[in-house]
Amino acid sequence: MRVDRTKASGARGRALRIALTSSLVPVSLMLVQCGQSPNPAALAANSQANVQVVAKTNPQVASGDTFEDRFPAPQFKERFPSASESLLQRQMSDFSPKRAVQPAPYKLASLEPQLPYQRPPRDDLTTLISMKSSAFPYFGNNPASDAPFLNISKGDRRGHRSYSGRVFWQDETYNDSRVLVHVPEHFDVRKPGVIVVFFHGNGATLERDVRDRQLVPQQITASGANAVLLAPQMAVDAADSSAGKFWQAGGLKRFMEESATHLARLTGDPNSARAFASMPIVIVGYSGGFLPTAWSLEVGGISDRVRGVVLLDAVYGEMDKFASWIESHRSGFFVSSYTHYTARRDRELMSMLRQKGISVSEDMDGPLRPGSVVFVETGDGITHRDYVNRAWTQYPLKDVLVKMSATPALALTRVAASSPSVSSR
């Protein structure tokens, strides 16, 4: 039995040695391989195998790993809706500023007893507001004839026969009471500023022409001046210069009083209505806008608030009214830029003023000061249609406001750190 156990023990020992030897041989072979460089052919084969695997799982990556592969440019259909889709429709109320609730002042220990309320930042605001005191509807008399303005009837319709003999109907041409209002994002009612009243010319609408083509709101913002815009709709898209309610005594005064309330609401501070009600005014008349400009100076009721008048190819008549205002308001300025269309009348107005002993300049190169009277003739390359954008310089309204804000005596602050460019549409 001992012999048998000895034999069995020897057999188990041999089996164990064979097993250990079998396991150590592959390990030694692996260690030998670790000391050698990889086979290039094997790497190429592995790389090709990986590409094939990737191609099966993600064909787009297999073509390469360029920037375009990882960040493909958006297609047209991804940026714009198809014919079966529609854009989100917004109402004007979506863009109107919400009435700001002014928080109560709060206290800070060891600094100040109270900190004043800071106006939250906002964007440019351009909107249309219906105003009772705007030019139209108008049912009064035409002061030129002392006859009713609406002098034509056809059934229930009433209209006005213009000097050219053409009839414009009240419900189409003289029924828009809206006013284009623009408040730049940098406007600060607590600082010296002005209200620009813009009377557009014939054949115009507020949206298509004043806002989008003539870029009047953008010019005011680009000037960096602390100014807001009011542009009443005159005769709608018609060859007519009628002044409507601005013909009436106190018409401009009522218009400015009503606008003060609207401006205070739009800027989010109802308490600022008093500041707007006393803010200086600059009247700009383009082309047929000369008529409401002249009557506003003559009978508007607040000519002392008018700090300046700018006429853009607009002296078609009423020279006596312009000369009277210039003579009696030497603290304001007057600028008339003209083409050959109005050259004769502009020269006549210059002669009238010189006879009154008023000095007249004939270029806009110098500063704009209280009492400045400037007439600027522009060349043949400047067209009447584009005059609001290009007169003696590109964007003349911007230029006037920049020059005005450079003269402290004209009470206008330039509050924007830098003036943005005016982009065309």
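Cut-offs used in this document
- Residues numbered from 1 in each chain as written.
- Predicted model: local features only at pLDDT ≥ 70, side-chain atom pairs only at ≥ 80, totals over all residues.
- Heavy atoms only, no water.
- Core = buried A, V, L, I, M, F, W, Y, C linked by side-chain atoms within 4.5 Å.
- Buried < 20%, exposed > 50% of the residue type's maximum accessible area, 1.4 Å probe, protein only.
- Helix = DSSP H or I, 4+ residues; strand = E, 2+ residues; numbered from the N terminus.
- Contact = heavy atoms within 4.5 Å.
- Salt bridge = Lys/Arg side-chain N within 4 Å of Asp/Glu carboxyl O.
- 1 Å grid on protein atoms, 1.4 Å probe; cavity = no way out; pocket = protein on both sides within 12 Å on 5 of 7 lines; lining within 4 Å.
- Points joined across faces, edges and corners; volume = space filled by probe spheres on them.
- Nonpolar A, V, L, I, M, F, W, Y, C, P; charged D, E, K, R; others polar.

A. Main features of the nonpolar core. Counting 63 residues, the largest nonpolar core has I195, F255, M256, F276, F334, L353 and F375 as its most contacted members. Broken down by element, this core gets its largest block of residues, 7 residues, from helix α10 (residues 251-266). With near-sequence residues (within four places) excluded, F276 lies in contact with F187, V189, I195, V228, A260, L263, A264, T267 and R305. Membership of the second largest hydrophobic core comes to 34 residues, among which are V194, I382, Y387 and W392.

B. Region of the structure containing the pattern of salt bridges. For the structure shown, the criterion picks out 13 salt bridges. A salt bridge links R208 to D237, with the shortest nitrogen-to-oxygen separation between them at 3.0 Å. Within this pair, whereas R208 is found in helix α8 (residues 206-211), its partner D237 is found in the loop between β9 (227-232) and α10, the two being separated by 29 residues in sequence. For R208, a relative accessible area of 41% translates into the label partly exposed. Taking relative accessible area as the criterion, D237 reaches 43% and is therefore assigned partly exposed. Residue R211 pairs with D212 through a salt bridge whose shortest N-O separation is 2.7 Å.

C. Structural context of empty space enclosed by the protein. Inspection of every chain in the model, using the stated rule, returns 2 cavities of 30 Å³ or more. Reported here for the largest cavity is a volume of approximately 60 Å³. Lining the largest cavity are V196, I220, V282, V284, V310, L397, V400 and L401. Mapped by element, the contributors of at least two residues to the lining of the largest cavity are β10 (281-286) and α15 (396-405). Here the lining of the largest cavity gets 3 residues from one element, more than from any other, and that element is α15. In this structure, the second largest cavity spans a volume of roughly 30 Å³. Taken together, H200, G201, N202, M234, D240, S241, S242, G288, G289 and P292 form the lining of the second largest cavity. For the lining of the second largest cavity, a count of residues per class yields 2 nonpolar, 7 polar and 1 charged.

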